[in-house]
Amino acid sequence: MNQSFENIGNIGGMVLNEPIGGLVIGDAEFETIRHLIYEQFGINLTEQKRSLVAGRLQKMIRGMGFTRFSEYLAHLETDASKQSLRDLINRISTNHTFFFRETAHFDYFCQTVLPELTGRLKQRNARDLRIWSAGCSSGEEAYTLVMLMKEFFGMDYGQWDAGLLATDISTDALATALNGIYPEERTSMIPSNFKSRYFKKISEDRWAVDPALKREIIFRRFNLMTKTFPFKQPFHVIFCRNVMIYFDQPTREALVQRFFEFTAPGGYLFIGHSESLRRDACPYDYVMPAVYRKRGE
Ligand SMILES: C[S@@+](CC[C@H](N)C(=O)[O-])C[C@H]1O[C@@H](n2cnc3c(N)ncnc32)[C@H](O)[C@@H]1O
């Protein structure tokens, strides 16, 4: 029997394995990938994701010259450079995002959070505002935030040390973010006044972010599963939206705890609207759906 197909079966109408492009993920192989992705990146790949995983990986695996998942897994285990692991997470992570996503958050950020935080900082003669887009994907959330901050501060922006840290695990998504060039259809959510001020049309269907805006953001690869965050100072605002949906409850709660430790007193955590934190396990105060605040000042 051809080994690649030996695990394919259909018992009681249940397809056991997925022959995609001739590549099959057997039960044990899927379990190995699942375990690896969970351990390394916190992403919880349920059984329902098996065909999605196979679909996302098969072209890459074929491109590497492997004909079986087992060969690929053996390579993953022995690749000391960890490049294969980076390529794997580039394929597995879901990077869907768009400019001005969940606009209610940005309204609250501009109308309440920024006035409150900057008012307090000014009282202390401080001018540093630290904001983190954690799980920034291809940069749309980070660029949205910086545009809004520039609008909020206006002429005073230069007097503030108000840049943004934007991190993600996917080097592909970060490359797009750093490049700052987006196809026309991905810029449709940007209000026209923002688009004319902060973007330049560089071809029939592509727009480039103003380099001055880009300079305000530090894009870095960072794994949110890192047990001890390496930051010297806490953040005033953390956006971690539509990231924790891929994590299970214990992983989410442990991450929120780490965020909390790195939130300045009186600082905020924004999560995605489809996400929620269990109140009894949440160290932050609930403000409104998907917005939390650390008690303090
Ligand atoms: C759906 S996007 C969300 C982008 C943006 N925050 C938004 O709401 O539009 C989720 C991002 O989380 C990133 N991600 C998933 N697991 C991660 C981890 N362990 N560490 C860092 N980033 C991770 C993915 O690479 C992906 O770009």
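Conventions used here
Per chain, the residues get numbers from 1 upward, laid out in the order the sequence is written. Under the rules for a predicted model, residues below a pLDDT of 70 receive no local features and side-chain atom pairs below 80 are neither given nor counted, while totals for whole chains, interfaces and linings still include all residues. The basis for every side-chain value is the complete set of non-hydrogen atoms in the structure, without hydrogens or water. The domain limits used here are those given by an automatic or database domain assignment. Contact criterion: two residues are considered in contact whenever any of their non-hydrogen atoms come within 4.5 Å of each other. Throughout, buried area stands for the accessible area (probe radius 1.4 Å) lost by two parts on being put together, summed over both. Salt bridges are counted wherever a side-chain nitrogen of Lys or Arg sits within 4 Å of a carboxyl oxygen of Asp or Glu. We call two N or O atoms a polar contact when they sit within 3.5 Å, provided that within protein one can donate a hydrogen and the other can accept it, with sequence-adjacent residues counted only if both atoms are side-chain atoms. Under the DSSP-based scheme used, a helix requires at least four consecutive residues in state H or I and a strand at least two consecutive residues in state E, with every element numbered from the N terminus. When residue character is reported, Ala, Val, Leu, Ile, Met, Phe, Trp, Tyr, Cys and Pro are called nonpolar, Asp, Glu, Lys and Arg charged, and the others, Gly included, polar. Think of it in three bands: with a 1.4 Å probe and only protein chains considered, a residue is buried below 20% of the maximum accessible area for its type, exposed above 50%, and partly exposed in between. Convention adopted: a line fitted to C-alpha atoms gives each axis, helices being fitted over their contacting stretch, and angles between N-to-C directions are expressed from 0 to 180 degrees. Orientation labels follow simple angle bins: below 35 degrees gives roughly parallel, above 145 gives roughly antiparallel, 65 to 115 gives roughly perpendicular, and whatever is left gives oblique. Here the aromatic set is Phe, Tyr and Trp, taking the six-membered ring for Trp, and pairing holds for ring centres within 6.5 Å; pairs whose planes are under 30 degrees apart are stacked, those over 60 apart are edge-to-face, and all others are tilted. Only Lys NZ and Arg CZ are tested; either one counts as a charge over a ring when it is within 6 Å of the ring centre and within 35 degrees of the ring normal. A molecule or strand has a residue near it when one of that residue's heavy atoms lies within 4 Å. Only buried residues count toward a nonpolar core, which is a set of Ala, Val, Leu, Ile, Met, Phe, Trp, Tyr and Cys residues joined through side-chain atoms within 4.5 Å. The criterion for strand pairing is that DSSP finds at least two bridges linking the strands in question.

Glancing now at the domain arrangement of the chain. Each assigned domain of the chain is listed with its residue range as follows: domain 1 (3-92) and domain 2 (103-293). Here the C-alpha centre of domain 2 lies 33 Å away from the C-alpha centre of domain 1. Each partner contributes residues to the interface: domain 1 has nine residues there, and domain 2 has eleven residues. Carbon and sulfur atoms make up 48% of the area that domain 1 and domain 2 hide from each other, which totals about 910 Å². Scanning the region where domain 1 abuts domain 2 turns up zero salt bridges. Inspection of the region where domain 1 meets domain 2 yields seven residue pairs in polar contact (both at pLDDT 80 or more). For the side of domain 1 that touches domain 2, the secondary-structure elements that each account for two or more residues are α1 (27-41) and α4 (83-92). Grouping the constituent residues of the side of domain 1 that touches domain 2 by class yields four nonpolar, four polar and one charged.

Let us now look at the pattern of salt bridges. All chains considered together, the criterion is met by 15 salt bridges. We note a salt bridge from aspartate 285 to arginine 295, for which the minimum N-O separation is 2.7 Å. Here aspartate 285 is found in strand β13 (residues 285-288), whereas its partner arginine 295 is found in the segment after β14 (291-293), with ten residues between them in sequence. Take arginine 295: its relative accessible area is 63%, and that puts it in the exposed class.

Where helix α3 (residues 69-78) meets α4, the axes come as close as 8 Å, and the angle between the chain directions of the two elements is 125 degrees. One finds that α3 runs oblique with respect to α4. Along its contact with α3, which presents Tyr72, His75 and Leu76, the element α4 presents Ser84, Leu85 and Leu88. Residue classes in the contact of α3 with α4 are distributed as four nonpolar, two polar and no charged.

Here we come to the environment of lysine 201. Assignment of secondary structure puts lysine 201 in strand β8 (residues 199-203). Taking the C-alpha atoms as reference points, lysine 201 and alanine 264, 63 residues apart in sequence, are found 39 Å from one another. If sequence neighbours within four positions are ignored, lysine 201 has contacts with Glu184, Arg206 and Trp207. Engagement of the side chain of lysine 201 in a polar contact is seen with the backbone oxygen of glutamate 204, the distance being 3.3 Å.

Counting across every chain of the model gives 30 aromatic pairs. Judged by centre distance (5.4 Å) and plane angle (75 degrees), the ring pair of phenylalanine 100 and phenylalanine 194 falls under edge-to-face. Of the two residues, phenylalanine 100 is situated in the loop between α4 and α5 (103-123) and phenylalanine 194 in helix α8 (residues 192-198); the sequence distance between them amounts to 94 residues. In this structure phenylalanine 194 comes out as buried when scored by relative accessible area, which is 12%. Chaining the aromatic ring pairs together yields one cluster made of Phe100, Phe106, Tyr108, Phe109, Phe194, Tyr198, Phe239, Tyr268 and Phe270. Directly above the aromatic system of tryptophan 207 lies the positively charged group of lysine 195, at a separation of 4.3 Å from the ring centroid. For the cation-ring pair, lysine 294 lies above phenylalanine 260, with the distance from its terminal atom to the ring centre recorded as 4.3 Å.

On to the site of the ligand, then. Taken together, 22 residues lie near the ligand, and Thr97, Arg101, Gly135, Asp168 and Asn242 sit nearest. Contacts to the ligand include arginine 241, whose backbone N or O atom sits 2.9 Å from a nitrogen atom. Between the ligand and asparagine 242, the relevant distance is 2.8 Å, taken from an oxygen atom to a side-chain nitrogen or oxygen of the residue. Partitioning the shell around the ligand into residue classes produces eight nonpolar, ten polar and four charged.

This part takes up the nonpolar core. Counting residues in hydrophobic clusters, the biggest one holds 49 residues, and the most contacted among them are Leu57, Tyr72, Trp132, Leu224 and Phe259. Listed by contribution, the elements that provide at least two residues to this core are α1, α2 (50-63), α3, α4, β5 (131-134), β11 (235-240), α10 (249-261) and β12 (263-271). Looking at this core element by element, the count peaks at five residues for α2. Split by domain, the residues of this core number at least three in each of domain 1 (3-92) and domain 2 (103-293). Apart from residues lying up to four places away in sequence, phenylalanine 259 is in contact with Trp132, Ala134, Leu224, Phe229, Ile238, Cys240, Leu269 and Tyr284. The next biggest cluster of nonpolar side chains, apart from the first, holds 43 residues, and it includes Phe106, Leu129, Val209 and Phe219.

Attention now moves to the sheet that holds β13. Taken in spatial order, the seven strands of this open sheet run β10-β6-β5-β11-β12-β14-β13, and their pairing is mixed. Lying at the two open borders of the sheet, with one neighbouring strand each, are β10 (217-221) and β13. On average, each strand axis in the sheet is tilted by 20 degrees relative to the strand beside it, whichever way the strands run. Here five bridges tie β11 to β12, and the two strands are oriented parallel to one another. Among the inter-strand pairings, valine 237 is bridged to a residue of β12, identified as tyrosine 268. Along the sheet face, α5 touches β5, β11, β12, β13 and β14 and points at about 170 degrees away from the line of β12.

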